[in-house]
Every structure is written in structure tokens, then in C-alpha cells.
Amino acid sequence: MLNIVIFGAPGSGKGTQSQKLIEKYHLTHISTGDILRNEIEHHTKLGELANKYMTKGQLVPDSVVIDILDELFVHNPDSVGYIFDGFPRTLTQGEALDAMLVKRNTAINVVISLEVDDDHLTERLIKRGEISGRNDDTPETIKSRLQVYYQQTSPLKEYYAEQGKLVKIDGLGTVDDIFSRIEKVIDKRDY
Ligand code: B4P
């Protein structure tokens, strides 16, 4: 089984690179951001709750996201592997993910951290906001999402580095250039 965490700040290219990873490695894509946006679109109770946090650029509570993930595992028992995109985002989520994988006799193989500076991140997200109208891609919200990333999410880098799983990838360049950097990391290891 090949289990990849695609890690990075908002706008670092996680969703973009995940699409290419799915095509090449036929993995099950788990994007908590996509799941939450889908709930919001369908006006579910969960969507209503998530929207309150997402429009402010805050993280949705750990317990909510961890429950979503647990259910997804139950519904995809035959997967050849997973790409975790936007999950975990806190140490609590990281520990919960490890525990869920242990229960299934598997583990995270590699954590690809897309490294992009704040100026490029902001520029990309503002552009995306103009095109998609995503209501968390406004200058004010982007600022708080970046703060949340540095405070709550980036400590996970150390967590995975201690496990020997963290690989930093330069996240600047064309989408294809970045993907070929990622491919090299995945293909050279015997997972
Ligand atoms: P996500 O959906 O994960 O949003 P994101 O981090 O902003 O997106 P991503 O990083 O995937 O964007 P991409 O680079 O693909 O989360 C949204 C919100 O949901 C969170 O803020 C939080 O509130 C909530 N949430 C989600 N998961 C959660 C969790 N686990 N716990 C708690 N809350 C959670 O794209 C960015 C833009 O850059 C695109 O327009 C793209 O076209 C462009 N781009 C990509 N690569 C590029 C390149 N190489 N060059 C130029 N532009 C590029």
C-alpha cells in the first residue's frame, strides 16, 4: 500500500499535485477541504458548522474532521493506497491518522511538503478567489489562514521529520516541474 500525505500551506499546490498523483498511482484521494466544501454546498448540518470556521480562515474542529476520515476508510476498504490532501492539519489529527492506519496494518510512507513563500501563496490564492469565487480566498481570510498554518499545522513537519518521512519539495515552478520532483521521490523509494 502506498500512503502519501501531501503537505503545505494554503495555496502551496496540494490539490493541484494530488490530481496528478491520482492519475499516475491510482490512489484514493482524500481532501478534507473538498469534502467540507461539498457539505457546505449541500447545506448539511456539518456544512453549516464547517462554514462558520472556514469563512474566518480557521480550522474546523479536530473531532469533526477525524470522524469524516474514519468513515472514509470504512467506505474504501480495497484501496491500493491514499493521498491525504489537507489532512492532517494539527498534531492531534496526525496522531489520529497514524492510529487509524495502524488499525488497518498500514502506515504513512512519505510526507511531501510543498515549500512556497508567503508572497507566492498570497498571490495564488487571491488569483484563485477571483476566478472561483471561493469565499475563503479573500485577502483578510488568507492572512488568517497563513497564521493558522504556521501556528497549528507546520509543527507537523517536525512530527514527520522525527519519523524519517518528511521530504521537502520546492513548490515554485510549473505544475509539471513540481510533479516531476515529486515523482522522483516516490519512484526512488521501495514502498
Ligand atoms: P483546502 O481545501 O485544503 O484549501 P487550501 O489549503 O487553500 O488549498 P490547496 O493548498 O489544496 O490549494 P492548491 O494549492 O491546489 O482547505 C480549505 C479550508 O478547509 C481550510 O482553510 C480549513 O478551514 C478547512 N479544512 C480543510 N481540511 C481541514 C482539516 N484537516 N482540519 C481542519 N480544517 C480543515 O491551489 C491554490 C492555487 O494555486 C490554485 O489556484 C492553483 O491553480 C494555483 N497553483 C497550484 N500550483 C501552482 C504553480 N505551480 N504555479 C502557480 N500557481 C499554482
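Scope of this entry: the structure provided in the associated data block. These numbers were taken from a predicted model, which means no experiment stands behind them.

1. Some remarks on the site of the ligand
Okay, step 1: The full set close to the ligand counts 29 residues, and Gly 13, Lys 14, Thr 32, Gln 58 and Arg 145 are the nearest of them.
Okay, step 2: Between a nitrogen atom of the ligand and a main-chain N or O atom of Val 60, the distance comes to 3.1 Å.
Okay, step 3: Burial of the ligand by the surrounding chains reaches 86%, relative to a free accessible area of 990 Å².
Okay, step 4: The cavity that encloses the ligand is the largest pocket.

2. Some details on the side chain of Asp 98
Okay, step 1: Within the element layout of this structure, Asp 98 appears in helix α5 (residues 91-103).
Okay, step 2: At 5.4 Å, Lys 165 is the nearest oppositely charged side chain to Asp 98, a buried residue that forms no salt bridge.
Okay, step 3: For Asp 98, the residues in contact, after removing those within four places along its chain, are Ile 108, Tyr 159 and Gln 163.

3. A closer look at a negative patch on the surface
Okay, step 1: A cluster of acidic residues, Asp 117, Asp 118, Asp 119 and Glu 123, forms a negative patch on the protein surface.
Okay, step 2: Its place among the elements puts Glu 123 in helix α6 (residues 118-132).

4. Re the layout of surface pockets
Okay, step 1: What the largest pocket holds in volume is close to 940 Å³.
Okay, step 2: Looking at the largest pocket, it is lined by 42 residues, and the ones nearest its centre are Gly 11, Lys 14, Arg 128, Arg 134 and Arg 145.
Okay, step 3: Contributing elements (two or more residues each) for the lining of the largest pocket: α1 (14-25), β2 (28-31), α2 (32-41), α6, α7 (139-153) and α9 (175-188).
Okay, step 4: Residues that form the lining of the largest pocket fall into these classes: 13 nonpolar, 18 polar and eleven charged.
Okay, step 5: Roughly 160 Å³ of volume is contained in the second largest pocket.
Okay, step 6: Lining the second largest pocket, in full, are Arg 37, Ile 40, Glu 41, Asn 51, Met 54, Thr 55, Arg 134, Asn 135 and Asp 136.
Okay, step 7: Among the elements of the structure, α2 and α3 (45-54) are those that each provide at least two residues to the lining of the second largest pocket.

5. Looking at the packing of helix α4 (residues 62-75) against α5
Okay, step 1: As a packed pair, α4 and α5 sit with axes 10 Å apart at the nearest point and diverge in direction by 20°. Relative to α5, α4 is oriented roughly parallel. Here α4 runs over α5; the crossing is right-handed. Across from Asp 62, Val 65, Ile 66, Leu 69, Asp 70 and Phe 73 in α4, the residues of α5 making contact are Thr 92, Gln 93, Ala 96, Leu 97, Met 100 and Leu 101.
Okay, step 2: In the contact of α4 with α5, the residues fall into eight nonpolar, two polar and two charged.

About the criteria used
Residues numbered from 1 in each chain as written. Predicted model: local features only at pLDDT ≥ 70, side-chain atom pairs only at ≥ 80, totals over all residues. Heavy atoms only, no water. Near = heavy atom within 4 Å. Polar contact = N/O pair within 3.5 Å; in protein donor to acceptor, adjacent residues only side chain to side chain. Areas by Shrake-Rupley, 256 points an atom, 1.4 Å probe, with all protein chains shown as cover. 1 Å grid on protein atoms, 1.4 Å probe; cavity = no way out; pocket = protein on both sides within 12 Å on 5 of 7 lines; lining within 4 Å. Sits in = over half its atoms within 2 Å of the grid points. Helix = DSSP H or I, 4+ residues; strand = E, 2+ residues; numbered from the N terminus. Buried < 20%, exposed > 50% of the residue type's maximum accessible area, 1.4 Å probe, protein only. Lys, Arg positive; Asp, Glu negative; His and termini not counted. Salt bridge = Lys/Arg side-chain N within 4 Å of Asp/Glu carboxyl O. Contact = heavy atoms within 4.5 Å. Patch = residues over 30% accessible without salt bridge, like charges linked within 9 Å, V, L, I, M, F, W, Y side chains within 5 Å. Charge placed at Lys NZ, Arg CZ, Asp CG, Glu CD. Points joined across faces, edges and corners; volume = space filled by probe spheres on them. Nonpolar A, V, L, I, M, F, W, Y, C, P; charged D, E, K, R; others polar. Axes fitted to C-alpha atoms, helices over the stretch in contact; angles between N-to-C directions. Parallel < 35°, antiparallel > 145°, perpendicular 65-115°, else oblique. Left-handed = near helix turned anticlockwise from the far one by under 90°.

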